[in-house]
Structure formats: C-alpha cells, structure tokens
Amino acid sequence: MEHTYTPTGTHTHVHVHVVGGGLAGLTAAVTAAESGARVTLHEGHRALGGRARTADGPYRTNEGPHALYRGGPHWAWLARRDLLGPVVSVPPLEGLRFRFRRAGALRRVPPVALLRLARRGARTAPVDACFRSWAAGQVGDQGARAAAHFAATALFHHDPGALSARFVQERLRRLASLPPEARYPAGGWARLVDRMAGHARRLGVAVETGARVDTRTLGELARTGPVVVATSLDAARVLLDDPSLTWESGRTVLVDLALRTRRGDAFVVSDLDAPGWLERFTAQDPGLAPAGEQLLQGQFPIGPDARRAEGTARAEELLDLGFPGWRERTTWRTEALADGRTGAVDRPGTTWRDRPSVIRGDGIFLAGDQVAAPGLLSEVSFTSGIEAALLAVKAARRHSGPGSGQPSAQPSGRPSTSGG
C-alpha cells in the first residue's frame, strides 16, 4: 500500500507557524501541512529533535532512556506514513537477563504481587486516591511499593506511590505487558527525527533552524496566522508571559556510560527498593557504541531538595549488582540532572484534562509533554501536536478571509480529543 500523505485542499492563504522542532513541533507541522496549510517551523537550535536528539558518535545516547511503545497512537501514526523506519526489539536471550533489585539483592523474577497488580485494568484504579494506598489494598504494602518503583521507569518521579492511582496504573500496565511494547529506532531517535523532518519538508513545510522566537517576534508571527508553541512548558510560560502554565514533572539523574563488553552482564536492572532503572541499550542495537563496548543508560529520580550525588550513588549500587567489575571496564561516562523535563505527572484528583489547555487564546495553541492530552511519555507530545495543529488550521479557515491568514481571538478551554 502506498503511504503518501498530501494536503487535503488548496488553502494557501492559511499560514500556520510552529515554534519548536521537537516531536510535538514536528508532529504539529506535518499535521497542519497535511491539512492544506502553509507551514513554517521555527527551531531555536541548529538541530531538530528537542529531547529526542541523539548525540553524535561514537556513543549514540539520547537525553535519558528512550523507547517507542507499539500499542500507542504515535506508533500507528508513524507507521501509516512509513516513518517508523528500522526498529529493533530486545532479543529473547537478552530478555532473560532482566534483573530486579529487591531487599538489596539481585533477583531474576519480580514479586508475584507486582505481576498480579500489573494485570489489573487501569480503570479499576481510582483517580482520587494515591497509588500507594490503592495498590496496598490490592496486593499488600510490599507489593504496592515494588510496583510503584517499577512504574517509575515511565514516571521519572521520586515518589510514584504518591501520584494518582489511575495515572500510575495506566503506565504499569503498559510497561509490564507481554510481549513487551517497547521498541527502539535503530541508530537512535535522531534517525526518527530525520524521517519526520524529511516528510515535513516534502509536504512543503519551511524549516528554519537557529531561529529563536521571543515574545516580540511571537507577536509578529501571530499577525500572519495562528501559532503552535511546541516548547517545554517552562519556555512557553516565558514566551507567552503566562504564569498559569505550570504542571508538576519529575526530577531525575541521567547516567550514561560505556563498558568493555563482558558476557553475563544484565540487560536491565530495575530497582524495586527505590525508583531507578538501568538498561544496556546495545543489547538491542549494537551500533550505538564501538565494537567491543556496550552502552548503558539509566535514570534515578530524586526529591526536590536532593543533590545529584544521591542519584549517582543509587546508579552505582545497581551497577555493582548487575555489571561486575564495571569501574575497571568503563571507557566513557557522563551524567546530567533532568529537572522538569520528563513529562507531566498527575496527583490524586487530577487527570491529563486538568493540565494546561492546548487553546491559549488570540490564535495561540500549545503542544508538548505537559499539556492537556493523553498518552504515555512522548505520546503526550504527539497527541497535543496533532490537536494543536488541527485547531490552528480550523481557526485560520474560520476567521481568515482569502489572502488574510490572521485569526481572531480564540476562547480558552479544554481541547477535544479528535487529534488522537
């Protein structure tokens, strides 16, 4: 089947600007162009991708552990456009090297309580209760604690048990699914970004890199058409001068290192004593590191007042358990602190609908991983990018005459879910 998407009509007077060239911005640009709009994408950095950028060799790291989830809407959207490219899964023999830290020791199997809980439907978990209390009522305190720490893989939060039970359970179900949902773009996420950018350009999107947009230039853009702001929420708050643009995110220490290869190393070490995760990404994609070396990436959430050294110490405890002699085998290492850059988390009594709305008024629309849109991790950026683009094109067509392109003010409100 031919998977070529072309604009749905000739509406060249409709001009949509997209600020930010990460996953949300690229998705918004493609969606607007497919809807017949003329699109300009403005990216402040010299390279596209945002947090999906991949470092140049020899160690091809992303900004923390990254994976695509096969059961999500982003996967289907990419597949329909032949943009997935080569993706790899974990070889079965490597999957057998999945390890868990429990009570300070390395174990081959998770607690039965965690597996029992992971089979429960997400809708059985209440929105208004914390995960810790709800899960303890299902499988006991120890099982609830282990499950919360395992789910932290997709939460990047230091206290996942304190978050909404529904929110955490949705992620636990998908993380523990069999066969696993996780897939990895071969060569790193930059390859996926390149395919999305190439598709956008073929649709006629004008991509401008090194083009920083400030409050003044944003106003100039808005006079020629609606604007999708697809940046981090912190950047959007400054750009739009809107203090209401806040939502809780995680704070996590990112640890990347390369080791000389040794047979018998773990594939993953999941910390069930505290939130933390360490994965050997060359298990599925050996080209991410030079021959004879293996690339590990991990994340270790810490509290708002904790020092980075706390996360580093926990990383080294997992390395001691799963990668004997790792200090002598290390050929490269780097660390970073990701603060408020790991997506939205929902407290009890809140859902994704309570996050900052896609519609900001005056022809401005918001996209990103902390916006009012459903999904797991990068899927939030994808879903909000589609929603923002569709609303922007609709606003331009409704409120702009031929040759105008200037939308009138839009009321604030919650987005629909027509985009994904």
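Each remark here, short or long, concerns the structure printed above.
Every value quoted in this text rests on a predicted model; they were computed, and no experiment measured them.

Calculation rules
- Residues numbered from 1 in each chain as written.
- Predicted model: local features only at pLDDT ≥ 70, side-chain atom pairs only at ≥ 80, totals over all residues.
- Heavy atoms only, no water.
- Pairing = 2+ DSSP bridges.
- Helix = DSSP H or I, 4+ residues; strand = E, 2+ residues; numbered from the N terminus.
- Axes fitted to C-alpha atoms, helices over the stretch in contact; angles between N-to-C directions.
- Expected span 1.5 Å × (residues − 1).
- Buried < 20%, exposed > 50% of the residue type's maximum accessible area, 1.4 Å probe, protein only.
- Arc of directions from axis to C-beta.
- Salt bridge = Lys/Arg side-chain N within 4 Å of Asp/Glu carboxyl O.
- Parallel < 35°, antiparallel > 145°, perpendicular 65-115°, else oblique.
- Left-handed = near helix turned anticlockwise from the far one by under 90°.
- Contact = heavy atoms within 4.5 Å.

Turning next to the sheet that holds strand 6 (residues 105-107). Within the open sheet, the seven strands sit side by side as 6-5-11-12-13-10-14. Their pairing is mixed. Both edges of this open sheet fall to strand 6 and strand 14 (330-339), since each of them pairs with a single strand only. Strand-to-strand twist of the sheet, defined as the mean angle between neighbouring strand axes without regard to direction, takes the value 20 degrees. Bridging between strand 5 (residues 98-102) and strand 11 (residues 268-271) involves four bridges; their strand directions are parallel. When the bridges of strand 11 are listed, Phe 98 appears paired with Val 268.

Relative to the 21 Å expected for 15 residues at 1.5 Å per residue, helix 11 (residues 308-322) spans 22 Å between its end C-alpha atoms, a close match to the ideal helical length. Inspection of helix 11 places Gly 311, Thr 312, Arg 314, Ala 315, Leu 318, Leu 319 and Gly 322 among the buried residues, and these make up the whole buried set. Looking down the long axis of helix 11, one finds its buried residues gathered within 165 degrees of arc, a one-sided arrangement.

Our next topic: the pattern of salt bridges. For the coordinates displayed, the defined rule picks out 26 salt bridges. Glu 317 is the partner of Arg 101 in a salt bridge, and the nearest nitrogen-oxygen pair spans 2.9 Å. Taken together, the residues span a long stretch of sequence, with Arg 101 in strand 5 and Glu 317 in helix 11 at a distance of 216 residues. Relative accessible area serves as the criterion here: at 34%, Glu 317 is assigned to the partly exposed category. Residues participating in the shared-partner salt-bridge network are Arg 308, Glu 316, Asp 320, Arg 327, Arg 333 and Glu 335.

Orientation of helix 5 (residues 131-139) relative to helix 6 (residues 141-151), taken along the N-to-C sense of each, is 130 degrees, at an axis distance of 7 Å. Overall, the two elements helix 5 and helix 6 adopt an arrangement that is oblique. The way helix 5 lies across helix 6 gives a crossing that is right-handed. Packed against helix 5, whose contacting residues are Phe 131, Arg 132, Ala 135, Ala 136 and Val 139, the element helix 6 presents Asp 141, Gly 143, Ala 144, Ala 147 and Ala 148 at the interface.

Judged by pairing direction, the sheet is antiparallel, and its three strands sit side by side in the order 3-7-4 without closing on themselves. Of all strands in the sheet, those bounded by a partner on one side alone are strand 3 (68-69) and strand 4 (87-88). As defined by bridge partners, strand 3 adjoins strand 7 (residues 182-185) across two bridges and the pair is classed as antiparallel. Bridging across to strand 7, Leu 68 finds its partner in Arg 183.

Don't take any of this as a statement about function, it's just geometry.
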